[in-house]
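Descriptive analysis of the structure
Below are the chains, spelled out letter by letter.
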Amino acid sequence: MTELLVVGVVAVIAIAGAAVLGPRIGVAAPLVLVVLGIVASLLPFVPDAEIDPEWILAGVLPPLLYSSAVSMPSMNFRREFGAISGLSVLLVIASSLVLGLFFAWVIPGLGFWWGIALGAIVSPTDAVATSIVKQTSVSRRAISILDGESLLNDATALVLLRTAIVAAAASFSFWGALGDFAKAVAIAVVIGWFVGWVNVLVRARVPNAAVNTALSFAVPFVAAVPTEHFGGSGLVAAVVAGLFTGIVGPRKLPPGHRLSDAQNWQTIELVLEGAVFLTMGLELSSILGDVQDDHTGIGPALLIAVVALVLTLLVRAAYVVPLLLALSASAKRGERMQARFEEMHASDRDAMSDVIREHRPGNRAPSERDLDRFAVRVRRTLADIAYYTKAPLGWREGTTVIWAGMRGAVTVAAAQTLPEGTPQKSLLVFIAFAVALLSLVVQGSTIGPLVRRIAAPAPDTASNDVEERRRLLELMRTAAEQVPGTGEEGPRTQEELQAADPAELRAWMGREKARRTAVLEAQRSAILDARDDGSFDAEVLESMLRNLDAEQIALELRGAPVR
């Protein structure tokens, strides 16, 4: 027990040290931890690390994916969902097929389905590995795509892995595999959405911030475990629960609770991400030992891993290039339709009613609810067009998306779930480990210089930011004016303050505090409505929400209002 505690303390110190040292030496902290783990694993007095892969797949990934989903801007996720779903599903399947054919060709006696299984293991990008990309100057739109991809592609890869293992032992049905995948996702979405709803509903009624945050730690597991039991994807369920919490939480949870959540989850992310990379390095010695015990050549296996990594990048490039062309064409179509939508946005409800009736069978008149929904759709469409126009995806962003697709601990953990009886299992695990390690070291160490080298000259966005903030402040001012005031003024001078009756002064201060709290709530509601419409930049809105939260927390710390 003492040895385990010592190991845990040393690991936490190493993770914290890497987080501080990495930026100072210009190397991402995850890479520092991987190298540190490798060096430690090669020392003779350090025992081989035997990590149950389920600890990674079921114990570490759900909270990490949940936390990333909570903090992801919901509008950006919606806007990029087409690209995200394609990268998460179609690209993983294509990569698995290409890699499966390659592995079946170069590894004697492996067979096609076991090759597909290894291809599925190597195909997904890693949610933890993308933390390296966030430390570079990559555009926020590219980050949104990479974040969304890493949230969902693990589920595709794991379902494909299970399908390939079953097919290797029995017959394969394409429609059966497709049905299993759809079932796994559908179950995950339903359970994840329900858990997210219950999460917000329950925590909104918990007054203690510490208890509230403690409950949040259980949410990803409450979503993932029953989903896996019913045959769904626990990782997707954790993501869906996180997305629901991120969308609805700011409306229901007090600012103090959300601040506590954010600070504590940042610590959880730091420790878990660091532990994942440190564990990857520590596992090198045991993996090498297994390969040597099976008398498999490390040199040829390493060469296979290098070629596999190159293939993943080539397949990724072959998919990303037409994807960006399609997104660019879609953005241009939106620009051509912008004038039409602006005309509808400026028209009155009678004109909107005429537009709706033109596209309805029987020329039926729309209801007031239909008109409200149509107005929201028009606003969101105009905001989407502005978003795509403001942040186009060119060859620079495409290069970044291709090179930033790194493999990580999920690949290593998934490889270790291969069943006993898998042909040349130790070799397959080593290849997966080598691909993940090479990806992290080569791509992770060069993504920063690459982004700086190909970065376009930074545009002067100062005037745009000023205009954006001016519009947002005007929105907040309008929301504040709709809150009824007390109709009375407090003491203005020192003399008036000293002459005021203490009881009346306390009562006025209580009423003023209640009014200011109502103003902050109205402003937050207006900002969240604007967030849902996508009317403002996500970072600007997040900054304003943090300012409102800080002001409300400071107001609440002054004591309860006197009524």
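Note: the structure precedes this text.
Predicted model, so just to flag it, every value in this text is computed and none were measured.

Now for the overall build of the protein chain. The secondary structure content of the protein chain amounts to 23 helices and 0 strands. Across the 563 residues in the protein chain, those meeting the buried criterion constitute 46%. In the protein chain, once contacts between residues fewer than 6 apart in sequence are set aside, the share between residues at least 24 apart is 83%.

Quick look at the pattern of salt bridges now. Following the criterion strictly, the structure yields 13 salt bridges and no others. Linking Arg 516 and Glu 551 is a salt bridge whose minimum nitrogen-to-oxygen distance equals 3.4 Å. Residue Arg 516 is found in helix H22 (residues 502-533), and its partner Glu 551 is found in helix H23 (residues 538-556); the two are separated by 35 residues along the sequence. Of the charged contacts, one joins Glu 521 and Arg 524 as a salt bridge, the two residues approaching to 3.3 Å between their closest N and O atoms. With Glu 521 and Arg 524 both in helix H22 and 3 residues apart, this pair spans about one turn of that helix. Salt bridges sharing common partners tie together Arg 251, Asp 529, Arg 531 and Asp 532.

Attention now goes to the environment of Pro 63. Looking at where Pro 63 falls in the secondary structure, it is placed in helix H3 (residues 53-71). Remark: the alpha-carbon pair of Pro 63 and Trp 265, spanning 202 residues in sequence, is separated by 9.0 Å.

Let us now look at the nonpolar core. The biggest cluster of nonpolar side chains holds 92 residues, and the ones touching the most others in it are Phe 103, Ile 107, Leu 118, Ile 121, Leu 161 and Ile 431. Each residue touching Leu 118, except ones within four places of it in the same chain, is listed here: Phe 103, Leu 428, Ile 431 and Ala 432. Core analysis: the second largest hydrophobic core is formed by 14 residues, Tyr 66, Ile 187, Ala 188 and Val 236 among them.

Right, let's get into a nonpolar patch on the surface. On the surface, a cluster of nonpolar side chains totalling about 530 Å² of accessible area is made up of Phe 194, Trp 197, Leu 201, Val 202, Val 211 and Leu 215. Sort the elements by how many residues they give to the nonpolar patch and helix H9 (residues 174-203) lands first, with 4 residues. Of note, Leu 215 is situated in helix H10 (residues 209-229). Residue classification places Leu 215 among the partly exposed positions, given a relative accessible area of 36%.

Tracing the sequence through the fold places Glu 80 in the loop between helix H4 (74-79) and helix H5 (81-106). Here Glu 80 is in contact with Arg 141, Ile 145, Tyr 387 and Tyr 388, once residues within four sequence places are set aside.

Attention now goes to the packing of H10 against helix H11 (residues 234-252). Look at H10 against H11: their axes get within 8 Å of each other, and the N-to-C directions meet at 145°. H10 and H11 meet at a crossing whose hand is right-handed. Of H11, the residues touching H10 (which contributes Val 219, Pro 220, Ala 223, Ala 224, Thr 227 and Glu 228) are Gly 234, Leu 235, Ala 237, Ala 238 and Ala 241. Its residues placed into classes, the contact of H10 with H11 shows 8 nonpolar, 2 polar and 1 charged.

This brings us to the environment of Val 98. Mapped onto the elements of the fold, Val 98 is located in helix H5. A relative accessible area of 34% places Val 98 in the partly exposed class. For the pair formed by Val 98 and Thr 312, sequence separation is 214 residues and the distance between their alpha carbons is 8.5 Å.

Since the α-helix turns once every 3.6 residues, residues separated by three or four places project in the same direction. Relative to the 34 Å expected for 24 residues at 1.5 Å per residue, helix H1 (residues 2-25) spans 34 Å between its end C-alpha atoms, a close match to the ideal helical length. Along H1, the sharpest change in direction is near 25° and occurs at Ala 18. Of all the residues in H1, the buried ones are Ala 14, Ile 15, Ala 18 and Gly 22. Summarising the contacts, the buried residues of H1 are in contact with helix H2 (29-42) and helix H12 (255-282). Just beyond H1, the residue with positive phi is Gly 26, at close to 75°.

Definitions and limits used
Residues numbered from 1 in each chain as written. Predicted model: local features only at pLDDT ≥ 70, side-chain atom pairs only at ≥ 80, totals over all residues. Heavy atoms only, no water. Helix = DSSP H or I, 4+ residues; strand = E, 2+ residues; numbered from the N terminus. Buried < 20%, exposed > 50% of the residue type's maximum accessible area, 1.4 Å probe, protein only. Contact = heavy atoms within 4.5 Å. Salt bridge = Lys/Arg side-chain N within 4 Å of Asp/Glu carboxyl O. Core = buried A, V, L, I, M, F, W, Y, C linked by side-chain atoms within 4.5 Å. Patch = residues over 30% accessible without salt bridge, like charges linked within 9 Å, V, L, I, M, F, W, Y side chains within 5 Å. Areas by Shrake-Rupley, 256 points an atom, 1.4 Å probe, with all protein chains shown as cover. Axes fitted to C-alpha atoms, helices over the stretch in contact; angles between N-to-C directions. Left-handed = near helix turned anticlockwise from the far one by under 90°. Nonpolar A, V, L, I, M, F, W, Y, C, P; charged D, E, K, R; others polar. Expected span 1.5 Å × (residues − 1). Bend = angle between axes of the 7 residues up to and from the residue.

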